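# Topology and contacts: notes
Residues per chain are reported as follows:
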Amino acid sequence: AQSVAQPEDQVNVAEGNPLTVKCTYSVSGNPYLFWYVQYPNRGLQFLLKYITGDNLVKGSYGFEAEFNKSQTSFHLKKPSALVSDSALYFCAVRDLGDYKLSFGAGTTVTVRA
Amino acid sequence: DAGVIQSPRHEVTEMGQEVTLRCKPISGHDYLFWYRQTMMRGLELLIYFNNNVPIDDSGMPEDRFSAKMPNASFSTLKIQPSEPRDSAVYFCASSFFGYEAFFGQGTRLTVV
């Protein structure tokens with residue numbers, strides 16, 4: 001079975017400060033990892049993915065994430081947050097060979113001006 | 001491509017009525033997923049298709065729910081009869097070869 005944990009329901013940061021959203025996962029094999037963002041009354045938008053290769057993955061809107069196999073983590077980061085980054089962020093995982101995506105509960109990010 | 005298209009965006013229906021949600025995936029994508037989002041349960045996978053064939057429907061909550069994909073460009077999720085606890089946002093998503101899924105805008109269903 002595969003699962004994702006996002007330990008923080010909410011993250012609050014000031015504009016211009018670094019933003020980190022935490023994610024840990026559990027799979028039986030090799031993980032495929034994803035981050036999505038959801039704005040109010042909208043669908044989920046794909047930000048970035050880790051399939052294989054370099055542990056540091058760069059994605060849309062200046063976001064990046066670091067895959068850490070030993071800690072089974074895939075934290076999302078942005079060096080300098082913007083007010084417009086305020087949204088709900090989801091981490092997702094699927095196991096190699098299984099096409100079901102399992103999502104975390106989501107983390108609400110609020111960036112204050 | 002216009003992305004994944006879902007209709008309707010909003011649906012309000014009375015308990016006991018049949019509800020049909022529609023989805024047009026991105027052209028060329030071979031996987032299609034139906035998810036349900038609620039505050040209490042988060043995002044739940046209901047069913048997914050590969051090349052129009054249902055692969056896993058273990059997330060479908062009850063026999064009242066059914067999904068079809070008659071061709072590569074169209075899928076439906078039907079609830080009959082609907083109940084108030086079915087109120088949620090239903091998302092359709094599609095992907096190529098099971099990589100990143102692209103989501104539609106969702107259908108907000110309210111059953112009164």
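Okay, so let's go over this structure.

About the cut-offs
Residues numbered from 1 in each chain as written. Chains lettered and ligands numbered in written order. Predicted model: local features only at pLDDT ≥ 70, side-chain atom pairs only at ≥ 80, totals over all residues. Heavy atoms only, no water. Helix = DSSP H or I, 4+ residues; strand = E, 2+ residues; numbered from the N terminus. Buried < 20%, exposed > 50% of the residue type's maximum accessible area, 1.4 Å probe, protein only. Disulfide = S-S within 2.5 Å. Salt bridge = Lys/Arg side-chain N within 4 Å of Asp/Glu carboxyl O. Core = buried A, V, L, I, M, F, W, Y, C linked by side-chain atoms within 4.5 Å. Contact = heavy atoms within 4.5 Å. Buried area = accessible area lost by both parts, 1.4 Å probe. Polar contact = N/O pair within 3.5 Å; in protein donor to acceptor, adjacent residues only side chain to side chain. Nonpolar A, V, L, I, M, F, W, Y, C, P; charged D, E, K, R; others polar. Lys, Arg positive; Asp, Glu negative; His and termini not counted.

### Here's the deal with the overall build of chain A
- Along its length, chain A carries zero helices and twelve strands.
- Listed by position from the N terminus, the elements making up chain A come as β-β-β-β-β-β-β-β-β-β-β-β.
- By its C-alpha atoms, chain A is 45 × 30 × 20 Å across when sized along the principal axes.
- Within the span of chain A, comprising 113 residues, buried residues form 45% of the whole.

### Section: the state of the cysteines
All names here are of chain A.
- Within the structure shown, the criterion is met by two disulfides over all chains.
- Disulfide pairing places Cys 23 opposite Cys 91 at an S-S distance of 2.0 Å. One disulfide, between Cys 23 and Cys 91, carries an S-S torsion of -60 degrees and so falls in the left-handed class. Highlighted residues: Cys 23 in the loop between strand 3 (19–21) and strand 4 (24–26) and Cys 91 in strand 10 (residues 87–95), separated in sequence by 68 residues.
- Overall, Cys 23 belongs to the buried group, its relative accessible area being 0%.
- Given a relative accessible area of 0%, Cys 91 falls into the buried group.

### Digging into the pattern of salt bridges
- The full count for this structure, using the stated rule, is 13 salt bridges over all chains.
- In this structure, Lys 49 of chain A and Glu 100 of chain B form a salt bridge, with 2.8 Å as the shortest nitrogen-oxygen distance. Taken together, the residues span two chains, with Lys 49 of chain A in strand 6 (residues 44–50) and Glu 100 of chain B in the loop between strand 9 (88–95) and strand 10 (102–103).
- Glu 100 of chain B sits in the buried class, given a relative accessible area of 15%.
- Across the pair Lys 77 of chain A and Glu 66 of chain A runs a salt bridge, and its minimum N-O distance is 3.9 Å. Of this pair, Lys 77 of chain A sits in strand 9 (residues 73–78) while Glu 66 of chain A sits in strand 8 (residues 64–68), placing them eleven residues apart in sequence.
- For Lys 77 of chain A, a relative accessible area of 31% gives the class partly exposed.

### Concerning the nonpolar core
- If you look at the biggest cluster of nonpolar residues, it comprises 27 residues, and the most contacted ones within it are Leu 19, Trp 35, Leu 47, Leu 48, Phe 74, Leu 76 and Tyr 89 of chain A.
- Put simply, the parts of the chain that give this core at least two residues each are strand 2 (10–14), strand 3, strand 5 (31–38), strand 6, strand 8, strand 9, strand 10 and strand 12 (107–112) of chain A.
- In terms of residues, this core owes the most to one element, strand 10 of chain A, which gives four residues.
- Within the second largest apolar cluster, 21 residues are counted, among which are Cys 23, Ile 47, Leu 77 and Val 111 of chain B.

### Observations regarding the interface of chain A and chain B
- With 19 residues of chain A at the interface, the matching set in chain B holds 21 residues.
- Taking both partners together, chain A and chain B bury about 1700 Å²; carbon and sulfur atoms supply 54% of that area.
- On the chain A side of the contact with chain B, Leu 44, Tyr 99 and Lys 100 of chain A bury the most area, a combined 35% of that side's loss.
- Counting the contacts that link chain A with chain B gives two salt bridges.
- Across the contact surface, chain A and chain B share eight residue pairs in polar contact (both at pLDDT 80 or more).
- Only strand 5, strand 6 and strand 10 of chain A provide two or more residues apiece to the side of chain A that touches chain B.
- The residue inventory of the side of chain A that touches chain B, partitioned by class, reads eleven nonpolar, three polar and five charged.

### Section: the side chain of Asp 95 of chain A
Residues and elements named next belong to chain A.
- Tracing the chain through its elements places Asp 95 in strand 10.
- Despite its burial, Asp 95 pairs with no opposite charge, the nearest such side chain being Arg 94 at 7.6 Å.
- A distance of 2.7 Å separates polar atoms of two side chains, one belonging to Asp 95 and the other to Ser 28.
- Setting aside its immediate chain neighbours within four residues, Asp 95 contacts Gln 2, Val 27, Ser 28, Gly 29 and Asn 30.

### Section: the environment of Met 15 of chain B
Residues and elements named next belong to chain B.
- With respect to the helices and strands, the residue Met 15 is situated in the loop between strand 2 (10–13) and strand 3 (19–24).
- Overall, Met 15 belongs to the exposed group, its relative accessible area being 54%.
- In this structure the C-alpha to C-alpha distance between Met 15 and Ser 94, which are 79 residues apart in sequence, comes to 30 Å.
- Non-local contacts of Met 15, meaning those with residues more than four positions away in its chain, are made with Ser 82, Glu 83, Pro 84, Val 111 and Val 112.

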